[in-house]
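# Summary of the model geometry
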Amino acid sequence: MSKDTPTPVRECVCIVDPIHPSGVERIAAAHDVIGLDDPRVAETTVLVIRTSPLGPEIFGAMHGLKAIVKHGAGVDNIAIPAATQQGVMVANTPGGNNSTAVAEGAVALMLGLLRRTRDMDALVREGRWDERWGIRLGDLTGARVGLIGFGRIARQVAKICGAGFGCEVLAFDPVVSDAEVRAAGVEPADLTGVLGCDIVSIHVPLTEGTRNLIDTVELGMMKPHALLVNCSRGGIVNEAALAEALRCGQIAGAGIDVFEAEPPAADHPLFGLSNCLLSPHVAGVTEAGMKDMALHVAAVIDTVSRGEVPATLLNPEVLP
């Protein structure tokens with residue numbers, strides 16, 4: 001090791017939610033790994049979290065805590081202001097195979113809705129074979145796809161839909177320049193323009209500015225044959241308004257991977273609707289995606305152990 005290279009510290013890493021074994025193995029090779037039920041939990045210096053809510057009631061007693069590392073991109077489950085007040089760095093692990101996995105998940109929901117996969121499976125299983133002649137399935141090829149948000153995942157969706165299916169892709173993202181959108185082969189548009197597409201796919205984080213971004217008014221701007229897909233975060237779509245739009249035929253269908261409350265209640269209004277395809281927040285849960293994120297988490301922990309600042313630090317105000 002070079003004399004200019006900081007000597008790594010052996011961290012006490014508390015992993016709250018399960019991550020890929022490859023990541024755990026990599027972390028355990030250099031650090032002590034514990035869970036929340038471990039007697040040493042107060043000695044935690046790095047905390048790893050996936051989807052569980054994380055606030056000061058958990059990390060407040062960890063007086064030596066240096067960093068919270070999010071397995072994934074979205075950090076709406078982490079009380080970042082409280083962490084900042086405690087002087088704790090918060091970093092996430094966006095990009096890589098996870099972005100590809102979520103993008104594929106979004107396109108899978110599009111195809112599942114267009115091809116009515118669940119209904120076609122039922123025809124075969126229930127002996128309703130001849131009903132196929134009265135059914136016309138949809139095409140992704142040549143469709144107009146509108147993206148709300150144009151970050152890593154949305155750009156991958158644009159690539160799949162554009163290059164793979166010949167779609168005309170539009171994107172709305174007020175923080176990305178029109179030139180950057182066009183450079184990716186996508187047409188920049190305002191929210192109204194995107195909502196006028198055949199398929200609308202959401203790819204923004206949940207913030208106070210995006211909560212209920214898609215509500216009654218926005219759903220009313222969509223076409224009767226249109227589909228809505230959400231693989232970003234619950235709370236961006238008003239679920240009660242969406243259920244009503246689906247029920248009355250205001251839009252044709254929706255593919256939903258994320259919910260405002262997870263798991264959703266047993267009487268959730270979307271459950272009884274045949275034109276809604278649901279999945280349990282697993283768009284990014286592929287073997288490659290989970291392994292990649294877990295190894296990224298391990299790399300961030302190693303960075304912290306060397307006394308360095310993670311490249312994905314979200315609260316730089318904690319730095320001296």
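Structure first, text after, so check above.
Please read these numbers as outputs of a predicted model, since none were measured by experiment. (Residues numbered from 1 in each chain as written. Predicted model: local features only at pLDDT ≥ 70, side-chain atom pairs only at ≥ 80, totals over all residues. Heavy atoms only, no water.)

### Observations regarding empty space enclosed by the protein
Summed over all chains, the structure comprises one cavity of 30 Å³ or more. A volume near 40 Å³ is recorded for the largest cavity. If you go around the largest cavity, the residues you meet are Asn230, Arg233, Gly234, Gly235, Val237, Glu239, Leu242, Ile256 and Val258. Here the lining of the largest cavity is composed, by residue class, of four nonpolar, three polar and two charged. (1 Å grid on protein atoms, 1.4 Å probe; cavity = no way out; pocket = protein on both sides within 12 Å on 5 of 7 lines; lining within 4 Å. Points joined across faces, edges and corners; volume = space filled by probe spheres on them. Nonpolar A, V, L, I, M, F, W, Y, C, P; charged D, E, K, R; others polar.)

### What about the packing of helix H4 (residues 96-114) against helix H6 (residues 152-165)?
Taken N-terminus to C-terminus, the directions of H4 and H6 make an angle of 50 degrees; their axes are 8 Å apart at the nearest point. The angle between the axes of H4 and H6 places the two elements in the oblique class. In this structure, H4 crosses over H6, and the sense of that crossing is right-handed. Across the interface between the two elements, Ser99, Thr100, Val102, Ala103, Glu104, Ala106, Val107, Met110 and Leu111 of H4 pack against Arg152, Ile153, Gln156, Val157, Ile160, Cys161 and Phe165 of H6. When its residues are assigned to classes, the contact of H4 with H6 shows 11 nonpolar, three polar and two charged. (Axes fitted to C-alpha atoms, helices over the stretch in contact; angles between N-to-C directions. Helix = DSSP H or I, 4+ residues; strand = E, 2+ residues; numbered from the N terminus. Parallel < 35°, antiparallel > 145°, perpendicular 65-115°, else oblique. Left-handed = near helix turned anticlockwise from the far one by under 90°. Contact = heavy atoms within 4.5 Å.)

### Observations regarding the pairing of strand E6 (residues 144-148)
Among the five residues in E6, four count as buried, and that is most of the element. Bridge count for E6 against strand E7 (residues 168-172) is five bridges, and the pairing is parallel. Note on E7: the bridge partner recorded for Ile148 is Phe172. Where E6 meets strand E9 (residues 199-202), four bridges bridge the pair, whose relative direction is parallel. Its bridge partner being in E9, Gly146 is matched across the sheet by Val200. (Buried < 20%, exposed > 50% of the residue type's maximum accessible area, 1.4 Å probe, protein only. Pairing = 2+ DSSP bridges.)

### Some details on the environment of Gly234
Secondary-structure assignment places Gly234 in the loop between strand E10 (227-230) and helix H10 (239-247). The spacing of Gly234 and Asn212 is 22 residues in sequence and 9.2 Å in space, taken between C-alpha atoms. The residues touching Gly234, leaving out its near neighbours within four places in the chain, are Leu206, Val258, Phe259 and Glu260.

### A word on the layout of surface pockets
Volume-wise, the second largest pocket comes out at about 350 Å³. Taken together, 22 residues line the second largest pocket, and the ones lying closest to its centre are Leu113, Leu114, Arg116, Leu227 and Ala252. Put simply, the parts of the chain that give the lining of the second largest pocket at least two residues each are H4, helix H5 (117-125) and strand E12 (276-278). Classifying every residue of the lining of the second largest pocket by side-chain character gives nine nonpolar, seven polar and six charged.

### Structural notes on the sheet that holds E10
Sheet architecture is open: seven strands sit in the order E8-E7-E6-E9-E10-E11-E12, paired in parallel fashion. Edge positions in the open sheet fall to strand E8 (187-188) and E12, since each of these has one partner strand only. Lying on the sheet, H4 is in contact with E6, E9, E10, strand E11 (253-256) and E12; it crosses E10 at an angle near 150 degrees. Packing of H10 onto the sheet brings it into contact with E10, E11 and E12, and relative to E11 it is tilted by some 145 degrees.

### Some words on H6
The first and last C-alpha atoms of H6 sit 19 Å apart over 14 residues, in line with the 20 Å expected at 1.5 Å per residue. Three or more residues of H6 are buried, namely Ala154, Val157, Ala158, Ile160 and Cys161. Down the axis of H6, the smallest arc covering the buried residues is 165 degrees, so these residues share one side. Facing away from the buried side of H6 by more than 90 degrees, the exposed set consists of Arg152, Lys159, Ala163 and Gly164. (Expected span 1.5 Å × (residues − 1). Arc of directions from axis to C-beta.)

### A closer look at the packing of helix H1 (residues 21-28) against helix H11 (residues 287-305)
The interhelical angle for the contact between H1 and H11, taken along N-to-C directions, is 20 degrees, at an axis separation of 7 Å. When the interaxial angle is binned, H1 and H11 end up roughly parallel. Here the hand of the crossing between H1 and H11 comes out right-handed. Packed against H1, whose contacting residues are Ser22, Gly23, Arg26 and Ile27, the element H11 presents Lys291, Ala294, Leu295, Val297, Ala298 and Ile301 at the interface. Along the lines of polarity and charge, the residues of the contact of H1 with H11 split into six nonpolar, two polar and two charged.

### Digging into the sheet that holds strand E4 (residues 67-70)
Taken in spatial order, the five strands make up an open sheet running E2-E1-E3-E4-E5, and their pairing is parallel. A strand with exactly one partner marks an edge of an open sheet, and here the two such strands are strand E2 (32-34) and strand E5 (89-91). Across the sheet, the mean angle separating the axes of adjacent strands is 20 degrees when strand polarity is ignored. Pairing of E4 with E5, which is carried by three bridges, proceeds in the parallel orientation.

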